[in-house]
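An overview of the molecular structure
In case you want the letters, here they are:
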Amino acid sequence: VKVPTTTSLALRRRIDGKAEPTAALALVDQGRLVPASSPEARTADGYLRLSAHILLEAERHGFRTMGVFSAQEGEGKTTAAINLAVSLGRAKGREGRVLLVDGDARGRTLTRLLCGEEAAEHPYPMLAATSFEGVDLLTAPAGNGGPAIHAPTAWLETLRELSARYPQVVVDCPAILADPEGVVLRECVEALVLVVEMGRTTRKAIEQAVGSVGRRVIGVILNGADDKKTPLRKKA
Amino acid sequence: MLWRRRWTFLVPVATLLLPATLYAVSLADVYDAKATVLVREVEPGGADSPLPREGTDRPDEVMATVRDRIFTRNNLQSVVPILAPQAETPDPRLLESLAKSFAWEEIGISSFQLIHTNTSPDRAALAVNTLLQAFLDHERAERLRRAERSRDFHAKDEKKAKERYDAALARRNEYRAEHDATLPDRKEGITSELARRQTQISTQIGLISGQRSRVQMLDDQLVLQANQITPAATGQTSVLEETLRMQLAEVNRALKAGEQALAEALATKTEKHPDVIRLRSAVEVHRAAVSTTMAALEKERREAQTRVRESSQAQLERRRKMLQSFRDSAQAALEQAEETLRSHQDRVVELQGHLAKIPETARGLEPIERELEEAEKLLRAREDAHRDARLVVDYYAEGEPSEVTGFSVTAWAAVPVETSGPGRMRYLLTAIGLGLLIGYGLLVLRHRHEGATIASPDDLAGLFPAAVVVSVPLLGSGKRRTSWRSRFAELGTLAYVVLVLGASVFLIAAHKGWVAKPEFLQGFFGGGA
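Presented here is a report on the structure given in the accompanying data block. (Residues numbered from 1 in each chain as written. Chains lettered and ligands numbered in written order. Predicted model: local features only at pLDDT ≥ 70, side-chain atom pairs only at ≥ 80, totals over all residues. Heavy atoms only, no water.)

1. As for the overall build of chain B
Helix and strand counts for chain B stand at 13 helices and 5 strands. Taking all 529 residues of chain B together, 33% fall into the buried category. Counted over contacts in chain B with a minimum sequence separation of 6, partners at least 24 positions apart contribute 80%. Working note: accessible area of chain B is about 31,500 Å², and carbon and sulfur atoms make up 57% of it. (Helix = DSSP H or I, 4+ residues; strand = E, 2+ residues; numbered from the N terminus. Buried < 20%, exposed > 50% of the residue type's maximum accessible area, 1.4 Å probe, protein only. Contact = heavy atoms within 4.5 Å. Areas by Shrake-Rupley, 256 points an atom, 1.4 Å probe, with all protein chains shown as cover.)

Below you can see the structure in the form of structure tokens.
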């Protein structure tokens, strides 16, 4: 794959005939996400604004764990989690590192993108440094060979331990309406960031996904807004 | 979005397309036969003719009703042998179905087309032309019937008007006969006669006055003549007396000449001289002649006086008789003049009476004359109307149907060569459109069922008022895991759509002749391509 070095890729890029998520602040290099040298400004501004809001709210309310979740699969949740973590990690004067937790045990996309296929096949979660400044990754917990969920207490305990070491823990949650694990994680994190794909996600799905924790949603990422004006779409 | 919902659209489209294709290819080819008719105003007798028009012939009004007039029961019966030869008695339902097989199209404001669609081009053209001809014949017959009715009506009107006119004329003549002398149109004659009579009266008065004077004069002369016993000497002498006077004067001259010659002879001669003796004897002779002449003259005078006297008496008598005659004549003339005067005066009185009665007669005559005038005017109008109605009848009876009915057939129906239907593509497009519509309806229903999608940041701001909303371009819309079940369902749907669409395409290709028609479907295809 020829990786562009001067421009960021803000949209879907095809790699080996498969759609892979990319990020404004990251580039895909040989199946791995690497930092972008010049991120796409509008996207980066959006995440920086969200990061600023999260930092303020965290300072105000004292929370450290936050989950990035969506109602359905494929709405850009993992990409949003990476971008949010990267933008949080780039905050000047901030203490500590940002931990990105791959909470999607089924897909393990985040682990695969940041640590490769070998890490994705590893049976236990691992803490790993990423190529992004100030961002570490907790890989996804291994699957247990069949449909199952982790107990909330396990997640709560794990997140409590992690939040003691990391001022901001960003959890990439599974899609709530597709994976029950997402419901567990939704209840275990202290704050929520919802990812919505414009024109696809319905109000009803959002209401089902948020449930009774709507008050803990501190940010919403509207994915696909003003899509027509993006350079790549024009080129296409 | 469309790609994501592709099956929602493709399944209804394919499901509807197959039966639509089956239906379309099963239809037989049809042909349209068209006849074009121009509607114009009917001008009986030409454009400038004053003849009345039968009914209304304004093209816009005709166009409003011509459709119903074409598809009447009588007209449609003419096409029954062509379009439904097996029908023994045309019932209303059959006629109604026949009427529906014809189309009527308005072209502009004064033209229309009569169209018939049939699987046989010859029958289509024949049906259109037959129906059109029946329509024209019926229109002409209808107009002729109306014109004849109008003519009969005007004939009755004319007869009534004639009777009224005759009655009014008789009344006027009777009145005029009764008041002949005092009719207003006699006024001038009466006035002139009156003036003439008055002039004659004046003349007669003068004449009478003159006659009276004459009679008086004659009376006076008669009285004067009666007083005159002898007539005064008139001094007139008779011829004999004149002759005697002249003879006496001659004798006296001869005596004086003899005495002078005797005196002269005595002066110179003696008594005895022969000349003196001769002269003396001559003087004596002359003296004797004088005496004799004087005696004769005296006698003649006396006789003349006697004759004069006798003559005067007779003359007086004649004169008196003449005067009397003149007087009688003058008297008679006077009496005649007086009689004439009286007659003139009586006539004048009579004329003045007539003159005085003229206004009254005129007042009495005026309504009669007015009635006669009105009756005459009415009669003339009725005669004109009757004549025009007769001309209109002739016009409709003798003219060509396309001329007298106002429906000019600009193009009779020709046998069509090109097919006009069925609209197979229309059926297919309709099926596709209907399928898309159903797909859209399903999409809407699904949308309602699932709820509205998020379309703007404002939607999210309403849902999460406390959260910050950031908008980013479409990032990382990763692949979605699909289950085998859903994949199987998608494959099944794909197979169904491909099968149905393939069948439709095959049917169309077979109909067009691009591929051979299967044996078992040979009878299914309606024919044509």
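2. A word on the pattern of salt bridges
Enumeration over the complete set of coordinates arrives at 43 salt bridges over all chains. Among the salt bridges present, the one from A:R216 reaches A:E187, with a minimum N-O distance of 3.7 Å. Of this pair, A:R216 sits in the loop between α7 (203-210) and β11 (217-223) while A:E187 sits in helix α6 (residues 180-188), and the two are 29 residues apart along the sequence. Overall, the relative accessible area of 14% leaves A:R216 in the buried class. The shortest N-O distance in the salt bridge between B:R186 and B:D180 comes to 2.8 Å. According to the relative accessible area criterion, B:R186 is partly exposed, its value standing at 35%. (Salt bridge = Lys/Arg side-chain N within 4 Å of Asp/Glu carboxyl O.)

3. Comments concerning the sheet that holds strand β7 (residues 127-129) of chain A
Sheet architecture is open: 8 strands sit in the order β7(A)-β8(A)-β6(A)-β9(A)-β5(A)-β10(A)-β11(A)-β5(B), paired in mixed fashion. The sheet terminates laterally at β7 of chain A together with β5 (468-472) of chain B, the two strands that pair on one side only. With strand direction ignored, the average angle separating the axes of adjacent strands in the sheet is 25 degrees. Here strand β10 (residues 191-197) of chain A pairs with β11(A) via 6 bridges, running parallel. Pairing of A:L192 across the sheet is with A:V217, part of β11(A). Against the sheet, helix α5 (residues 152-165) of chain A contacts β5 (65-70), β6 (98-102), β7, β8 (135-138) and β9 (168-172) of chain A, and its axis sits at roughly 140 degrees relative to β9(A). (Pairing = 2+ DSSP bridges. Axes fitted to C-alpha atoms, helices over the stretch in contact; angles between N-to-C directions.)

4. Observations regarding the state of the cysteines
Residues and elements named next belong to chain A. Here the structure, examined in full by the defined rule, presents 0 disulfides over all chains. There is no disulfide at C173, and the cysteine sulfur nearest it, in C188, is 9.1 Å away. In this structure C173 comes out as buried when scored by relative accessible area, which is 0%. (Disulfide = S-S within 2.5 Å.)

5. A closer look at unusual backbone geometry
For A:R108, which is not glycine, the phi dihedral falls at a positive 55 degrees. Mapping A:R108 onto the fold places it in the loop between β6 and α3 (109-115).

6. Quick word on the sheet that holds strand β3 (residues 111-118) of chain B
All names here are of chain B. Read across the open sheet, the 4 strands follow the order β2-β3-β1-β4; overall the sheet is antiparallel. The two strands at the open ends of the sheet, each matched to only one other strand, are β2 (102-107) and β4 (407-411). Sheet twist, expressed as the mean angle between neighbouring strand axes with direction ignored, is 30 degrees. Across 8 bridges, strand β1 (residues 31-39) lies against β3 in antiparallel orientation. Across the sheet, residue D32 finds its bridge partner in β3, namely T117. Running at roughly 140 degrees to β3, helix α6 (residues 121-178) makes contact with β1, β2, β3 and β4 of the sheet.

7. Observations concerning a nonpolar patch on the surface
Judged by side-chain polarity, B:L434, B:L437, B:I438, B:L442 and B:L445 come together as a nonpolar surface patch covering roughly 460 Å² of accessible area. Structurally, B:L445 is set in helix α11 (residues 424-450). (Patch = residues over 30% accessible without salt bridge, like charges linked within 9 Å, V, L, I, M, F, W, Y side chains within 5 Å.)

8. A closer look at the packing of aromatic side chains
Residues and elements named next belong to chain B. As enumerated under the stated definition, the model contains 6 aromatic pairs over all chains in all. By way of ring pairs, the aromatic residues W104, F112, F135 and F407 are connected into one cluster. For the cation-ring pair, R214 lies above F326, with the distance from its terminal atom to the ring centre recorded as 6.0 Å. Stacked on the ring of Y427, the Lys or Arg R426 has its end atom at 5.4 Å from the ring centre. (Phe/Tyr/Trp six-rings, centres within 6.5 Å; stacked < 30°, edge-to-face > 60°. Lys NZ or Arg CZ within 6 Å of the ring centre and 35° of its normal.)

9. With respect to the pairing of β8(A)
Residues and elements named next belong to chain A. Of the two faces of β8, the one carrying V135 and L137 and the one carrying D136 and L138 are both buried. Inspection of the sheet shows β6 paired to β8 by 4 bridges, in the parallel sense. Within β8, the position partnered with L99 by the bridge is D136. Two elements, β7 and β8, share 3 bridges in a ladder whose sense is antiparallel. Note on β8: the bridge partner recorded for L127 is L138.

10. Here we look at the environment of A:A154
As for its placement among the helices and strands, A:A154 is situated in helix α5. Along the sequence, A:A154 and A:C188 sit 34 residues apart, while their C-alpha atoms lie 9.6 Å from each other.

11. As for the pairing of β3(B)
Residues and elements named next belong to chain B. Of all the 8 residues making up β3, 7 are buried; the element is thus mostly covered by neighbouring parts of the structure. The pairing of β2 with β3 spans 6 bridges and is classified as antiparallel. The residue bridging E106 from the neighbouring strand is F112, located in β3. The hairpin formed by β2 and β3 contains 3 residues between the paired strands, and G108 there has a positive phi angle of roughly 70 degrees.

12. Some words on the packing of α6(B) against helix α9 (residues 274-398) of chain B
Residue and element names in this part refer to chain B. Running from amino to carboxyl end, α6 crosses α9 at an angle of 160 degrees, the nearest separation of the two axes being 7 Å. By the criterion of interaxial angle, the relationship of α6 to α9 is roughly antiparallel. Seen from above, α6 lies across α9 with left-handed handedness. Looking at the contact of α6 with α9, its residues break down into 20 nonpolar, 5 polar and 20 charged. (Parallel < 35°, antiparallel > 145°, perpendicular 65-115°, else oblique. Left-handed = near helix turned anticlockwise from the far one by under 90°. Nonpolar A, V, L, I, M, F, W, Y, C, P; charged D, E, K, R; others polar.)

13. Regarding the environment of B:K512
All names here are of chain B. In this fold, K512 is placed in helix α13 (residues 484-512). What makes K512 partly exposed here is its relative accessible area of 42%. For the pair K512 and V25, spaced 487 residues apart in the sequence, the C-alpha separation amounts to 9.2 Å.

14. A few points about the packing of helix α2 (residues 59-70) of chain B against α6(B)
All names here are of chain B. Contact pair α2 / α6: the axes reach a minimum separation of 10 Å and the direction vectors enclose 110 degrees. It follows that α2 is roughly perpendicular to α6 by the angle criterion. For α2 against α6, the interelement crossing comes out right-handed. Between α2 and α6, the contacting residues are V66, R69 and I70 on the first element and L131, F135, E139 and R143 on the second. Per-class residue counts for the contact of α2 with α6 are 4 nonpolar, no polar and 3 charged.

15. Describing the environment of B:Y496
The residue B:Y496 is located in helix α13 in this model. Setting aside chain neighbours within four positions, we find B:Y496 in contact with B:V11 and B:T15.

16. Notes on the side chain of B:N75
Residue and element names in this part refer to chain B. Take N75: it is sitting in helix α3 (residues 73-77). Of the polar contacts made by the side chain of N75, one reaches the side chain of T72; its length is 3.0 Å. Among all residues touching N75, those that are not within four sequence positions of it are R69, I70, L131, A134, F135 and H138. (Polar contact = N/O pair within 3.5 Å; in protein donor to acceptor, adjacent residues only side chain to side chain.)

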